[in-house]
Each structure stands twice: as C-alpha cells, then as structure tokens.
Amino acid sequence: GMVSNWTKIPPPLFKKVVIVLIDALRDDFVFGSKGKQFMPYTTQVVERGTSYSFIAEAKPPTVTMPRIKALMTGSIPGFIDVIVNLNSPALLDDNLIRQAKTAGKRIIFYGDDTWVKLFPKHFVEYDGTTSFFVSDFTEVDDNVTRHLDRVLKREDWDLLILHYLGLDHIGHMTGPNSPLVGPKLREMDNVLKKIHISLLSKEEASLPNLLVVCGDHGMSETGSHGGSSEGEVHTPLLFISSAFEKRSGPLTQPKLVQQTDLASTLAVGLGLPISRNSVGNLILPVVGGKTMREQLRFVHLNGFQLSRLLQENTPAYEKDPGYEHFKIAEKSHGNWIKLYLEGNNSEILLNLGKKVLKQYLEALKILSSSLSKQVAQYDMYSMMVGTVIIMEVLLLLLLSFPKALSSRAEFEVPLSPPLFSLLFYLMCLMLCAVHVIVCTSAESLCYFCSMSWLTAVGVMMLISALMCGILSAIAKIFENSRLPLKNPVVSSSRWSEINVLILAGTIGHVLSLGASSFIEEEHQTWYFLINTLCLALCQELCRNNFLLKEYDPQHGTTVKQNFDSIGEASECKNIDIPAGGNSKLGKASSSAEFIQRSDKWISLASPWIILICCRLLRSLNQTGVQWAHRPDFGHWLTSSEHKSELSFLAAVSLLMIFFLVQRRCSLVSKIAMALGLLGVYSYRAAIGNVVFPWQHDTKDISKGITEARFVYVFILGIVFTGTKDLLKSQVISADSSVKSTGLWEVYSGLVLLAALLFRPHNLPVLVFCLLIQTMMTKYIWRPLKFDAAQITIMHYWFGQAFFYFQGNSNGIATVDVSAGFVGLESYVEIPAIFLTAFATYAGPLLWAIHLLCYLSSEVNRDSAAVGHGCFCYALMRSIPVAIYIVLVTGLRYHLFIWSVFSPKLLYEGVHVFITAAICLFFTAMDQNHSHKVQD
C-alpha cells in the first residue's frame, strides 16, 4: 500500500475560502498605475502583505461562461460556449463546486447568475444578478455587497464566492479609460479590505483563511472582450492569507500562470480531489510554506491526475515525454521517502527533495501543455455531413447560374423522374446504412448520431435529393450543348474590365480565407477591393463621356450606339444622365445643357469623392489585430475632454442623415424621421455621450429608456407605413411607384434604427453610407447601364467594407453588446439578440435593402432585375462560406483555430442567417414578377 496512500486526499490547508471574481479585471488595473491610484489597500497587500500575486492567462474565447468553466473545472472549454454563454446549461463536467458540495462544504454565492445556471442546487444560499444588462453599473454590484456584513459575521459557511459585474459593464459602455473606471476600482478595493480584515479577525490557531482575487477575462482597448489580445487574456490572480510569509525585498513582476491552474490549487487548499478533466498545474508558492514531504505529496497528486487524464485521451501515452518525466520523478520520490523514513534529516535529504520537486514541476508543465493541445476532440462525422450539404447547395447554385440570370430569372431544378427516382432511393438506402455503421462503431459521442431517427432520415433524404438535382442539372446542360444556339448574341458578349475585376476579387477573397493573417486583417482585403472598383468605375465613366466627344475612329460606331441607347433610355425614364448624345437629338436650351454638363462633371468626380469618403472612414475606427491599438479618430472623439466636438459631429451627422433619407419619403414619414433623429440625440445626451448646448453639468446621467422608446415608436411607425404601401402594391394594385415608396420607407426606418444603436462617433459611417449610395445611384449605375448582377455584387462588396468601417473585425471582442440594451429596462433575450445582431451587421443589411430599393425602381428596364439580384446575392454569400467551412475542417489542428478561425466561422454563420432573411424578403418583393410569369 504505499502508492494507494500517496494518492489519498490530504487534509485541507485553509478553513474558509473567499473567492472575489471581478468581471473584466485587467492585470494593469491592479498591478499598473490605476491600481496604485484607485486600489491603495490591495496594492499595499500585494507589495508588502502576506500574499502571492500572479498574472493568469485566459484562453480565448474570453467571455464569462467559458472562463468560469475554466476556473472551476481546470479544463479548456470549446468555442461553442460563446453562443451558449447567452443561456448557460448546467455544467456536467467534474468541477471544484461539485467536489466541495460532495465533501460537505457549505457554499454561498452572490453575483452573476451564470453561476446559478452552471451549478444548480450546489449553493446553500445565493442571490443572482443578470450579467447581460450592461447599462447597469451600480445596482448590479450593490446587490452583492449588501449581503457582505451579514455573511462575514456568520460561521455557517466554508466557501464564499462573489462575482462583481459593474466593471465589465462600464468597459462595454464607455471603455477602459473611462472616468467611471476609477471610482469602481476604489469601490472594489473597499470590498476587498472589508473581507480581508474580517477574515483576519475570525482566524483560529488551527487553520488560516484564504482570500482569492481574480478576473474571468480582461478587456480590450475598446472595452469589450472575447478575443485574444493581451488586454483580454491577462488577468490578476491574488492569494491573500496569514499562512504566507510577509513580502519583503524589491518588487518583482508577477509570474505568468494559466487560468486553469486555479482549480487544482484550490482543490489542494480545500482538501478536495482535483477535477477529473483539469489540465492545470498546482501553483506551488501557495503550498510553499508546508514541509517538503507535504509539498511532494501535493505535486504527486497533481501529476497522478494529469497522467490518468493522458491515459484516457492518448493510446500511446507511455511514449509521451510528460508521462516519462512523471515516472522518473515518481521513482526519485520513492527513493526520497525511503531516506526520510530512515530518519535522515540532513542537508542531503533537503537538496534531494528540491531536486524531486523540480522534476515533478517539469513533468507537470509538459503533461499540461500536451493535454491542452489534445483537448479538442472533433465530431468528424457530423462535420462531414454538414460540409456535404453546404457543398451540394453551392454546386446547385453554380449549375443554375445561366438559367437564373436569363430574362425569365427562373431557379428550378428539373428532375427527370424515371432515372432519378431509383437513384434517389438507392442513395437514401446507402446513406442510412453508412449512418448505422458509423453510429454503432463510434466510441465517442456524436451529435448527428444522438439525433432522432426521423431527423437523421430527413437529412439523408435532403442529401440524396440535392445530389439528384445536381446530376439532372448537369444532364440538362449536356442536352442543351448539343442543340444549335438560338441566341448567338449572348455567346459573343465580351467580358468588360468590371466583370474581370469582380471575378478576380471574389476568387482572391476566397483564397485569402486560408491564411490566419488575412482573416485577422480581412478589412484590408475589402478596402482594397472597393478602392480598385472605384478606379475601374472612373475608367468606365471617362470612356463613356470622352470617347464620344473625341470620336475615336476605331471605337466610333460602338461608342455612338452606346450613347444613343443611353439617350433613348433617359428619354423613356426621366433620369438625370450625363447623356453626351443629346447634341445629336437637336439643340436644347442653354440651361438644360448647363445642367447636363455639370451632371457630367459630377459623374466623373463621383468615384474620387467615394474614394475620399472611404479614406476618411478608415481613419475613424482602427480594426483587425495588428494595428488595432493605434490611435484613431474614434478614440479621440470618445475621450471625455472632446465631448463638445463629438456632440457637434453627432448633430451634423443626424441632420445629414435626415436630408439624405427624406427625399423619397411621404410627408408623415418625413416628420416621424425628423422627430426620431431628434430623439436619438436626446437619448445619447441622456446617457451622457453627448451634450446639449444649454447643458453645463453632466451629473444627471440616466439609462435613457424613455428617449429610446420614443425613437422606437417612430421607427415602428415608419416601417409600418412602408409595409402598408408594400402590401397595397402586392395585393391591390401592381403599381411600381407605390412599391418603391414603400421599400424606401422600410429602408429609412432601418436607417433610423441604426442611428439609434450606433455609438455617436460611428454616425458618420451612416452618413457616408447614404451619401455613397445616393451618388452611385444617380451618377454611376444609371448612366453606365450596369446589369442587375453587377450592381448586386457592387452592393455586396460595399456592404462588406461598411461592416469593417463600423469598427467590426473577425474577433468577438468588437461586438458592441451595449446596442442590445438600448431602451430595455432588464435583459430580454430575443430583443437583445436582435438589436445586437442588427447593430453589428448594419452595413451589409442597409446595402442589401438599398439594392432591393434600386432594383425595384429598375423594373421598367429589366423585369427580372429583382430575381437576378436575389440569386447573385445568395451566390456571393455561399461561395466564401462553403469554401471556408472546408478550409476550417482541414485546418482544425491549426495553432490559431480557436483564436482566429473559429470566431470567423461564428461571424460567417450569423451572416448566412441574415442573408437567408434578406433573400426571403427579395423573393417576397418579387412576387409581382412571378405572377406575371405564371400568367
């Protein structure tokens, strides 16, 4: 029995343990200048008290729920926890809280209700506060502190956990450099002082108490979190107890440990078994005051648990260097025990003990790192099924391309019944057989196998039907290729520079998704593409305007025809076009000629104006990873000393939004729009972002709920007016002017919603978005007579660029969570998710709805325009998503899979949902056309 005695759980080292988790506590808030200024008591304890300080490194995703899991289980949570974070299910993994409850420890918890959801029925007393209502800075912490005096006097608990959310909420709303951060840190310092003094006064001679101070994650320079920047992953970790020696000597930089190390350290401290799946190492200084025999016993326990986890996860575990190191250390430990039992208390025994300890620590380090890499177990079968369906849909879209872009804009898959019905049944049978074999032989848990049989068979039928559709589409293409060409004009249409650019840009962007650096800096790709597009448009405009004047003999005929057709179109359609062909149509009045000439010059200047707008937008928000820390105009505006400049910019932006949007709205909508935009400014003034000229003190800051709801009323009113017009155009009369007015009103309602949700410094993004759309409609798309497909792709490109102009990136940290709580008194899941998603994807959404407005107004020229636009939009979204899913599956063991590729996949997934909703809206608006086709 010596070995069994080794793995027996030693007695606890601490009587009571208090864990104070301060959400979003960055390491520099305690160890930096802010700590010295606002947390004097904590700084004194760190520098001169009985404490040990560390910097704990969190693994991405740096959001609350996965980080609590890491702290309590010692394991590394998966990326899906970012989504589950919204509504946490009970934690089934072995964890510190469960072990403490099993051992009869009485646990009290106050704070973030995520803990209550993760550990139901584990606490003898608890009071949860919602973590998602980010505009609450004070009540959320007062609800925790109000219990303290009462609890600290009592003796009926062993473990007290406090989770403070106020600092995180301040970060989300105003950033890490906000004037609100200092007072909040001072408040936290007072709480820690109260707990520490109380614990010291209650101590008995037998066992000391322990106070642990930590953060779950940090915050980025913008105040959000979720990514892997240094500010987000580095949090302070303090152990304060009278058991430790007083700090003396020069101050040293705190050592870096892993966040997962806390679970095993606390397990040893409380005399509990280390959690089964923990990959953490024991933080040795915490047990450093114990005898050498006890220290060796603790590290052996940790090594034994890690090696057992390795055995469960790795078939060839004996060859693992960590396991080999552990076995050597264990052998040395055995020799040390023999010497110790012989009663040898000399210097030799102590030195040998230190050597064994060093061997154990080395083994723990290697075991922990190899386990951290192996933790990711992928459900390959479910991944393959999903990938096959996505690739089939993409292939079907590509094969339907010629038919969908024909004059009838049909998207149909002709199935020839005799051949394909048999193939369909055979494929279904074969896939079901594969499903049975995989699910009965798979040892690990598989998501697709855990589905009901009915669902699984439905998926098999979908795969088979798509496959048959693809084969029949290929057969149809072969059939058509044998027939003589009915329309030789189409085949001879030449590729323009714009088409070449669109194809090259799409392929280039898709290929760039295979490199982590290109994903981190994807905004650069889109900025480059829209800049190049502007230059190509400039060339097209010059060719259109000047080739006719100079009358180049080589191009003469083609250009003349081109401009004659523009002239005819402008006569039919009453559009402002710089039609150079007018001189041939007879002498017009001088004023008309002057307007026409000025239009021509504005048209030529418009690509350059758009380029200037894009350059200004780039300097507003730095995004990505490499240069995100660089100062930008947005940071300058949001700093507290530039509030008057920000207020002026916001007011001017709201005025410009009104002038750009109101021109096509009805009178009622114009009034609603004006009042709504005034409400937006009032809301921002109420929450203290901007000031009114007559406002001097900014003391009375509220949540602005009344003002925001006032704006929501106008948004709903405008959208309702637009919807009424759309229904009238669909059901009663097929009047395209009523329909385009209705669409524009829905669009202007969404613009007002975006103005409300955007932070004030981001309002110029909305202004430039509207300005570029107006210029391109009037001076580029209509004069150059682009087809629906080209215009759709241009809208898609600008939509993607505006996603990044807003300050978004492919990291979760840039999601503005505060947008989800505008006008809400408490956390309501559905509206909060909708508002956050809308605020994040406002750029792509507004460009997509503008595309629908534009194409609907073009129906006179091309009756199938809306159908073409919808198909192209779906295709443009499907190509990168499908290829990216294949790439991510192939790169699943890449070093940056969790920090770079997974967040991007999450963004792509949400974007696909939004695109599906847009395409449904397009299809609903195209009903008119489908009725005509049926007639």
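## What to know about the packing of helix 11 (residues 166-174) against helix 12 (residues 181-201)
Two elements in contact, helix 11 and helix 12, have axes whose closest approach is 10 Å; the angle formed by their N-to-C orientations is 170°. Here helix 11 is positioned roughly antiparallel relative to helix 12, judged by the angle of their axes. Note on element contacts: helix 12 touches helix 11 through Val181, Lys184 and Leu185, opposite Gly166, Leu167 and Ile170. Looking at the contact of helix 11 with helix 12 residue by residue, the classes come out as four nonpolar, one polar and one charged.

## Some points on the nonpolar core
Residues Ile657, Trp797 and Phe798 are the most contacted members of the largest nonpolar core, which totals 112 residues. Ranked by size, the runner-up nonpolar core spans 65 residues in total, among them Leu118, Phe239, Leu270 and Tyr360.

## A few points about the packing of aromatic side chains
Evaluated as defined, the whole model comprises 31 aromatic pairs. When the centroid spacing of 6.3 Å and the interplanar angle of 80° are considered together, the rings of Phe14 and Phe244 count as edge-to-face. In this pair, Phe14 is assigned in the loop between helix 1 (2-6) and strand 1 (17-22) and Phe244 in the loop between strand 7 (234-240) and strand 8 (255-258), connecting sequence segments 230 residues apart. Pair check on accessibility: Phe14 and Phe244 agree, each one buried. Here the aromatic rings of Phe546 and Trp601 are separated by 6.0 Å at their centres, their planes lie at 55°, and the arrangement is tilted. Residue Phe546 is found in helix 25 (residues 522-550), and its partner Trp601 is found in helix 27 (residues 590-618); the two are separated by 55 residues along the sequence.

## Remarks on the confidence of the model for the protein
Confidence in the prediction of the protein, expressed as mean pLDDT, is 85, and 87% of residues score 70 or more. The weakest mean pLDDT in the protein belongs to helix 26 (residues 556-573) at 39; the strongest belongs to strand 1 at 97. In the model, residues 486-493 has pLDDT below 50 throughout and makes one contact with residues more than four positions away in sequence or in other chains. Every residue in residues 551-588 is under pLDDT 50, and counting partners more than four places away or in other chains gives 45 contacts.

## A few points about helix 32 (residues 736-757)
With 22 residues, helix 32 ought to run about 32 Å at 1.5 Å a step, and its terminal C-alpha atoms sit 32 Å apart, in line with that. Burial analysis of helix 32 places 19 of its 22 residues in the buried class, the great majority of the element.

## As for the sheet that holds strand 5 (residues 159-164)
Here eight strands make up an open sheet; going across it, the order is 4-3-5-1-6-7-2-8 and the pairing mixed. Since the sheet does not close on itself, it has two edges, and those belong to strand 4 (125-129) and strand 8, each with one partner. With direction set aside, neighbouring strand axes in the sheet form an average angle of 20°. Bridge count for strand 2 (residues 51-57) against strand 7 is seven bridges, and the pairing is antiparallel. From the neighbouring strand, Ser51 faces strand 7, where its bridge partner is Ile240.

Cut-offs applied
Residues numbered from 1 in each chain as written. Predicted model: local features only at pLDDT ≥ 70, side-chain atom pairs only at ≥ 80, totals over all residues. Heavy atoms only, no water. Axes fitted to C-alpha atoms, helices over the stretch in contact; angles between N-to-C directions. Helix = DSSP H or I, 4+ residues; strand = E, 2+ residues; numbered from the N terminus. Parallel < 35°, antiparallel > 145°, perpendicular 65-115°, else oblique. Contact = heavy atoms within 4.5 Å. Nonpolar A, V, L, I, M, F, W, Y, C, P; charged D, E, K, R; others polar. Core = buried A, V, L, I, M, F, W, Y, C linked by side-chain atoms within 4.5 Å. Buried < 20%, exposed > 50% of the residue type's maximum accessible area, 1.4 Å probe, protein only. Phe/Tyr/Trp six-rings, centres within 6.5 Å; stacked < 30°, edge-to-face > 60°. pLDDT = per-residue confidence, 0-100. Expected span 1.5 Å × (residues − 1). Pairing = 2+ DSSP bridges.

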